[in-house]
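# Understanding the architecture of this molecule
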Amino acid sequence: MSSGPSRVFIARLAGIAVFDPAGDQVGRVRDVVVALWSGTGRPRVLGLVVDVPPRRAVFLPITRVTAFDAKAVIFNGRLNMRRFSQRPAETLAIAEMLDRHVRGEDGVEYVVIDVGMEPVRGREWRITKVAVQRPSRLRRGGSVRRRRGETLVLDWDEISGLHVAAEQQGAVGLINAFERLKPADLASVIHELSPKRRGEVAAALDDERLADILEELPEDDQVEILGKLDVDRAADVLEAMGPDDAADLLGELPPEQRERLLALMEPEEAEPVRRLLSYADDTAGGLMTTEPVILQPDATVAEALAQIRNPDLNPALAAQVYVCRPPTETPTGHYLGTVHFQRLLRDPPSTMIGEIVDAALSPLRPSMSLQTVAGHLATYNLVSAAVVDEDGHMIGAVTIDDVLDHLLPADWRDTAMDAEEGAAEPFDTETESLRGGR
């Protein structure tokens, strides 16, 4: 190790960039691989799990890391691109050690919030410290409630319980460690967890964050996680998802379970989902979202720009606004046309969008096939297009990401997360020696 701190707390590494000696970023840290049973009391650190584009996790031996700092990890430039696969004797520090309950020498129970590693000799690193929090209780009005207590940093030798498989484990520490990750990247992390751990993480996530992550997971993972939730919470999470994504997920469930969840959803949230479920998956009606940006013709350019600046809006939906007579909730009043964001940037803020609407572009019909929709977007260089019924009411919009989702193989998310691409990587002697052989 050429530079950097002598002690590194592992949770703080989650999501930070990994650079080669030339200063080029190759990926981001996902986790740290530890051998709990390493022949001594202090676990040996084997290396880092690094996410490299496109969404592949690879193993970086700790012996190849040359520096740690608060915002970066530097390594010597040698990186085997074989996909990381956890071995039975290995433990992932962030995914599996955080949130564990342990006991100190005083017999008090603590919750692990971080673990610290230090170089011990040469390029070898070991876990030496455990940051823990002691729960405490407060009585108010005769009731007992739990709050977080003080944070302590203990030596590894001062705690017990991490070598024993946890029956139940929280997930707050893991979620906090990956707070900066985008939903698609956190979905990759959750996909790699055991089913038990996935359920624990899902239980700890708030509804909005879980909804965002479910939209990025393979269908099997979505169904598994939703099935582990209490039905009331499952309905809440479905409400937090986009109507099109919720409809896709519900379409994978048995009819009885689907109807039960729809009945538990708020009527105004369930209604657009039911409408989407009435269309075949491979039609414009089945592909569309019911929540595009829709404005009346007397709205101004300034108002339209304010709408598409919403950071929570899908970029494909933010590329244009649709102009309709009231009501502006789908199904709308009469559809008038589209205004693309480039036109909004060219006209004065006070201009009414009804004056600059593009009415020449024909909208999609809900019965149009996937191939027809894809051809329409390609022909007119669009990232989104309106779907209008026979009476001229706008009922939704199809975005390019949903078209790609259906054009790609059904298991493309699994493939992106799991598949080995190209020829096998050469045998890496240093890596295999560090991890104990094949």
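### Digging into the overall build of the protein
Helices and strands together make up the secondary structure of the protein, namely 17 helices and 20 strands. Pairs at least 24 apart in sequence give 61% of the contacts found in the protein among residues at least 6 apart. Surface summary for the protein: the accessible area is close to 21200 Å², and the carbon and sulfur share equals 50%.

### Some remarks on helix α14 (residues 370-379)
All of the buried residues in α14 are L370, V373, A374, H376 and L377. Buried residues of α14, viewed axially, fall in a sector of 160°; they line one side. Relative to its buried face, α14 has exposed residues pointing more than 90 degrees away, namely Q371, A378 and T379. Turning to α14, the residues buried within the fold contact α11 (284-287), β19 (384-388), β20 (394-399) and α15 (400-407). Where α14 ends, the next residue or the one after it, N381, has phi of about 55°, a positive value.

### Some points on the pattern of salt bridges
According to the stated counting rule, one finds 14 salt bridges in the structure shown. Two residues, R83 and E192, come together in a salt bridge whose shortest N-O distance is 2.2 Å. Of the two residues, R83 sits in the loop between β7 (72-75) and β8 (91-92) while E192 sits in helix α3 (residues 183-192), which places them 109 residues apart along the sequence. Relative accessible area serves as the criterion here: at 11%, R83 is assigned to the buried category. Assessed through its relative accessible area of 34%, E192 is described here as partly exposed. Of the charged contacts, one joins R233 and D207 as a salt bridge, the two residues approaching to 2.9 Å between their closest N and O atoms.

### Notes on the nonpolar core
Of all hydrophobic cores here, the largest spans 102 residues; its most connected members are L13, L48, F68, V73, M117, L238 and V398. Broken down by element, this core gets its largest block of residues, six residues, from strand β4 (residues 44-52). If we skip the residues at most four places from it in the chain, L238 touches L226, A246, L249, L250, L261 and M265.

### Quick word on the environment of L364
Following the sequence through the fold, L364 ends up in the loop between α13 (341-346) and α14. Apart from the residues within four sequence positions on either side, L364 is in contact with A284, V373, H376, A385, A386, V387, V388 and V398.

### Comments concerning the pairing of strand β10 (residues 109-121)
Bridge count for strand β1 (residues 8-9) against β10 is two bridges, and the pairing is antiparallel. Residue pairing for β10: V8 is matched across the bridge by M117. Taken together, the three bridges between strand β9 (residues 101-104) and β10 define a ladder with antiparallel strand orientation. Of the residues in β10, the one forming a bridge with V102 is Y110. What sits between β9 and β10 in their antiparallel hairpin is a turn of four residues, with G107 showing a positive phi close to 85°. Sheet analysis places β10 next to strand β11 (residues 124-133), joined by nine bridges and oriented antiparallel. The partner of V111 across the bridge, within β11, is Q133. What sits between β10 and β11 in their antiparallel hairpin is a turn of two residues, with G122 showing a positive phi close to 55°.

### Some words on the side chain of D99
Along the chain, the position of D99 falls in the loop between α1 (93-97) and β9. Looking at D99, its side chain comes within polar contact range of the main-chain nitrogen of L174, at 3.1 Å. When near neighbours in sequence (up to four residues on either side) are disregarded, D99 contacts V111, V112, Q169, G170, A171, V172, G173, L174 and R197.

### Observations concerning the environment of D155
Inspection of the secondary structure puts D155 in strand β14 (residues 151-155). With relative accessibility at 26%, the residue D155 sits in the partly exposed group. Measuring from C-alpha to C-alpha, the distance between D155 and A131 comes to 8.8 Å, with 24 residues separating the pair along the chain. Sequence-distant contacts of D155, defined by excluding residues within four places in its chain, comprise T128 and K129.

### Structural notes on the confidence of the model for the protein
Looking at the protein, the pLDDT average stands at 87 and 88% of residues meet or exceed 70. Confidence drops under a pLDDT of 50 for residues 419-424, and excluding neighbours within four residues, the segment shows six contacts in the predicted structure.

Thresholds, definitions, all that
The residue numbers shown here count from 1 along each chain, following its written sequence. Restriction of local features to residues with pLDDT of at least 70 applies here, the model being predicted, together with a cutoff of 80 or more for giving and counting side-chain atom pairs; totals for whole chains, interfaces and linings are based on all residues. The side-chain values count all of the structure's non-hydrogen atoms but skip hydrogen atoms and water molecules. To qualify as a helix, a DSSP run of H or I must reach at least 4 residues; to qualify as a strand, a run of E must reach at least 2; elements of each kind are numbered from the N terminus. In this description, contact between two residues means that some pair of their heavy atoms is separated by no more than 4.5 Å. For every accessible area listed, the method is Shrake-Rupley and the probe measures 1.4 Å; residues are considered covered only by the protein chains on display. Working definition: with a 1.4 Å probe on protein chains only, accessible area under 20% of the residue-type maximum means buried, over 50% means exposed, and in between means partly exposed. It is the directions from the helix axis to the C-beta atoms whose arc is reported. The salt bridge criterion pairs a side-chain nitrogen of Lys or Arg with a carboxyl oxygen of Asp or Glu, the two atoms within 4 Å. Put simply, a nonpolar core is a bunch of buried Ala, Val, Leu, Ile, Met, Phe, Trp, Tyr and Cys residues held in one set by side-chain atoms that sit within 4.5 Å of each other. Strands were regarded as paired on the criterion that DSSP finds at least two bridges between them. Under this definition, polar contacts are N or O atom pairs within 3.5 Å; protein pairs additionally need one hydrogen-donor-capable and one acceptor-capable atom, and for neighbouring residues in sequence, both atoms have to be side-chain atoms. Looking at any residue, its pLDDT shows the predictor's confidence there, from 0 to 100.

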